[in-house]
Amino acid sequence: MAKFNDLKIPQLKKELEQRGLATNGLKTELQSRLREAMEAENINVEEYVFHMELEEETTKIEEKEEAQCSSKIVDINMVFVAISQMSTQISTLFKEQDTRMSQMETRLSTHLEEQFAAQDARFSAQLSAPKELDVHMSAQVSSQLEEEEACEPGSSQYEEQEACI
């Protein structure tokens, strides 16, 4: 036996169900709905005694089931929180890795540019060396030609050399 204010949610739902009323909502909503229905039936809510002896055992079982269900919901929520935290950590790690990769790319690019510039300078030096060699060789060949021309009969230098001999 119980008074109106002592009724638990399953008991309130049972009373509402017997009257063909909605059984969803918070406890205060269920109480309000049942109070209105009982007053419409001319029942004094404050004095009425509810007989729920058999249902007390059912209520305990239902409460235990609800506790297990809410425990599962808490467990699922904890899993979601853990997944969210891991997702944040993974995102942070990816950002850090991306930063490191960008830094490495910059260093490698700079190093390669320096290597290409050094190699280009070496090639340029090697390519310009034959030109200098060509100029030097041209001067030697010209000098030799002049000497050969000087030794030919009929040249003014040939006559001077013969005069010296």
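For the structure itself, look to the data block above.
Report on the accompanying structure. (Residues numbered from 1 in each chain as written. Predicted model: local features only at pLDDT ≥ 70, side-chain atom pairs only at ≥ 80, totals over all residues. Heavy atoms only, no water.)

**Some remarks on helix α2 (residues 27-40)**
Its 14 residues place the ends of α2 20 Å apart at the C-alpha level, agreeing with the 20 Å of an ideal helix rising 1.5 Å per residue. Here α2 has its buried residues at Leu30, Gln31, Leu34, Ala37 and Met38. Projected onto a plane normal to the axis of α2, the buried residues spread over an arc of 135° and lie on a single side. Exposed residues pointing more than 90 degrees away from the buried face of α2 are listed as Thr28, Glu36 and Ala40. (Helix = DSSP H or I, 4+ residues; strand = E, 2+ residues; numbered from the N terminus. Expected span 1.5 Å × (residues − 1). Buried < 20%, exposed > 50% of the residue type's maximum accessible area, 1.4 Å probe, protein only. Arc of directions from axis to C-beta.)

**With respect to the pattern of salt bridges**
Summed over all chains, the structure comprises 3 salt bridges. In this structure, arginine 19 engages glutamate 15 in a salt bridge whose closest nitrogen and oxygen atoms are separated by 2.8 Å. Through salt bridges with shared partners, a single ionic network connects Glu15, Arg19 and Glu41. (Salt bridge = Lys/Arg side-chain N within 4 Å of Asp/Glu carboxyl O.)

**Structural notes on the packing of aromatic side chains**
For the structure shown, the criterion picks out 2 aromatic pairs. Measuring from ring centre to ring centre gives 6.4 Å for phenylalanine 4 and phenylalanine 50, while their planes differ by 40°; the resulting arrangement is tilted. You can see phenylalanine 4 sitting in the segment before α1 (9-18) and its partner phenylalanine 50 sitting in the loop between α2 and α3 (53-151), a full 46 residues away along the chain. Across the pair, phenylalanine 50 and phenylalanine 4 agree in class, each one buried. Taken together, a centroid distance of 4.7 Å and an interplanar angle of 75° make the contact between tyrosine 48 and phenylalanine 50 edge-to-face. For tyrosine 48, a relative accessible area of 32% puts it in the partly exposed group. One aromatic cluster is present, formed by Phe4, Tyr48 and Phe50 through successive ring pairs. (Phe/Tyr/Trp six-rings, centres within 6.5 Å; stacked < 30°, edge-to-face > 60°.)

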